[in-house]
Structures are given as structure tokens and as C-alpha cells.
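# Descriptive structure summary
Okay, here's what each chain looks like letter by letter:
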Amino acid sequence: DAKTTQPTSMDCAEGRAANLPCNHSTISGNEYVYWYRQIHSQGPQYIIHGLKNNETNEMASLIITEDRKSSTLILPHATLRDTAVYYCIAAGGTSYGKLTFGQGTILTVHP
Amino acid sequence: GAGVSQSPRYKVAKRGQDVALRCDPISGHVSLFWYQQALGQGPEFLTYFQNEAQLDKSGLPSDRFFAERPEGSVSTLKIQRTQQEDSAVYLCASSLGRGGSGANVLTFGAGSRLTVL
């Protein structure tokens, strides 16, 4: 799986959009970009994934650049409950759940 | 239940003791995974089952670690002769196991925190 690079930490004000960047410059054509988050003392939680088109669900939006070398996870209206470690993972369909999590980004949402 | 259930949530063992950690995946989920998470680190893959077959155990750190899923549902991760470096959170995850991008959409349990003294 391609290596991903994320900032170590980010801050966001409650109610504002949180934009979390991820670089994956060596991503291959069959690899998707997945985002998970992990709230303290819980297991990771799947958020969203995409290949090359932008994706949106009830939790977040995923914007992938045209060259697919980077992406941004957007939480449109961050709440205190969104404080967590966010992991960006590049993986293909043949990874079968064998994911490389890395260090992730610690997002802190402030009141 | 609706989610992945793990027990015990917390386990303290003396060095040299054997421990067993249990995972009850979501009903109908074919694939089951074990991950290890050291303090301050991201989860690391240990092993993967498809039904009762262990298809990948490349992440198990030593032969003291053993996992099984005999009937294709509940799984147990066993660690023999525990060492201090085994202290970590052990996460279990399951998925429907279908191919394509959904194969990497996992539902994780809350984990079992093992402390070896």
C-alpha cells in the first residue's frame, strides 16, 4: 500500500469546518483513499473512502485531487465529539482489510 | 449485537502468564482481523481470517502469539508466556469480506487493553 503523510496535529473551532489534509504521492491506480478516526479509548471508526471522485456521506466529505496525489477530509461543522485521531490510508481492493494506519492527525476541536 | 464485542476490556498479567482475548464479530461478517496498538501509535495488523481459515498471519510478532476462529464466528487471540513488550491494546475488527473497495471497510471493537507487569 502507498505511504501517506499527514500533519501531526490540527486545531479547529467548534462549528467551523475542519479540513484534514493527506499526501499520498505514490498511490497506485487501483488504490482507494480511506479515512478512519479513533476517539480516545475506542476502536477506529470508518468514515469514508474514494478512488478519484469526490465523495460525501453523513459524516464527512472527501476531496481527492485530480492527480490523486493528495486528498482532504472535510468535517463541515466540527463538534467537540469530533476530537479524535484521524487516519488516512491508501489501500487497494486486494488489501482485504490489512491496513497500514500510520500516526494520523490529532484533531482537537475547541469550544 | 450490533457491533464487534471484545472481552475482557482490561487484562493485567504477570510476565510469563498466558492470556486469551476474545472477539465476537458482527453476525454474518466473513472476515475477521486482529490488530495491535501500542501506546501513542496507530494500530498494526496482526492476522486475518476468512470464515475459519487463517489466511494471513504475517503480523504476529512471535510464535507466542496464536489466533483461532474454529467455527468461523468467535475468535480468540492467545498470547503465551507474556512479556512486557506485549503490553498494548488488541483490537478486533470484522467486515463483510466482499471484494473491491468494501473489503477495507472494517468495523472495530473497543479493544482489549493488556498490561504485562
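Residues numbered from 1 in each chain as written. Chains lettered and ligands numbered in written order. Predicted model: local features only at pLDDT ≥ 70, side-chain atom pairs only at ≥ 80, totals over all residues. Heavy atoms only, no water.

## So, the state of the cysteines
Residues and elements named next belong to chain A. A full pass over the atoms with the stated rule returns two disulfides over all chains. Between Cys 22 and Cys 88 runs a disulfide, and the two sulfur atoms are separated by 2.0 Å. Handedness here is read from the sign of the S-S torsion; for Cys 22 and Cys 88, about -80°, the answer is left-handed. A residue pair is termed long-range when its members are at least 10 positions apart, and Cys 22 in strand β2 (residues 18-23) and Cys 88 in strand β8 (residues 84-92) qualify at 66 residues. Judged by relative accessible area, which is 0%, Cys 88 ranks as buried. (Disulfide = S-S within 2.5 Å. Helix = DSSP H or I, 4+ residues; strand = E, 2+ residues; numbered from the N terminus. Buried < 20%, exposed > 50% of the residue type's maximum accessible area, 1.4 Å probe, protein only.)

## Some details on the interface of chain B and chain A
Listed as interface residues are 23 residues of chain B and, on the opposing side, 22 residues of chain A. The junction of chain B with chain A conceals about 1700 Å² of combined surface from both sides, 51% of it contributed by carbon and sulfur atoms. If you look at where chain B meets chain A, you find one salt bridge. Across the salt bridge formed by Asp56(B) and Lys98(A), the nearest N and O atoms sit 3.2 Å from each other. Taken together, the connections running from chain B to chain A amount to 13 residue pairs in polar contact (both at pLDDT 80 or more). Of all the secondary structure elements, the ones that give two or more residues to the side of chain B that touches chain A are β4 (31-37) and β5 (44-50) of chain B. No other element matches the three residues that β4(B) contributes to the side of chain B that touches chain A. (Contact = heavy atoms within 4.5 Å. Buried area = accessible area lost by both parts, 1.4 Å probe. Salt bridge = Lys/Arg side-chain N within 4 Å of Asp/Glu carboxyl O. Polar contact = N/O pair within 3.5 Å; in protein donor to acceptor, adjacent residues only side chain to side chain.)

## Quick look at the packing of aromatic side chains
Taken as a whole and judged by the stated rule, the model has 11 aromatic pairs over all chains. Between the aromatic rings of Tyr36(A) and Phe108(B), the centroid separation amounts to 6.2 Å while the plane-to-plane angle is 90°, which identifies the pairing as edge-to-face. Note that Tyr36(A) is positioned in strand β3 (residues 31-38) and Phe108(B) in strand β10 (residues 107-108), a pairing that runs across two chains. Residues Tyr36(A) and Phe108(B) agree in their burial class; the two are buried. Through successive ring pairs, a cluster of aromatic residues spans Tyr36(A), Tyr46(A), Tyr87(A), Phe101(A), Tyr35(B), Phe45(B) and Phe108(B). (Phe/Tyr/Trp six-rings, centres within 6.5 Å; stacked < 30°, edge-to-face > 60°.)

## Notes on the pattern of salt bridges
In this structure the tally under the stated criterion is five salt bridges over all chains. In this structure, Arg37(A) engages Asp82(A) in a salt bridge whose closest nitrogen and oxygen atoms are separated by 2.8 Å. With Arg37(A) in strand β3 and Asp82(A) in the loop between β7 (70-75) and β8, this residue pair connects regions lying 45 residues apart in the sequence. With its nearest N and O atoms 3.3 Å apart, the salt bridge here joins Lys78(B) to Glu68(B). Placement of Lys78(B) in strand β8 (residues 75-79) and of Glu68(B) in strand β7 (residues 65-68) is noted, with a sequence separation of 10 residues between them. In this structure Lys78(B) comes out as partly exposed when scored by relative accessible area, which is 32%. Relative accessible area serves as the criterion here: at 27%, Glu68(B) is assigned to the partly exposed category.

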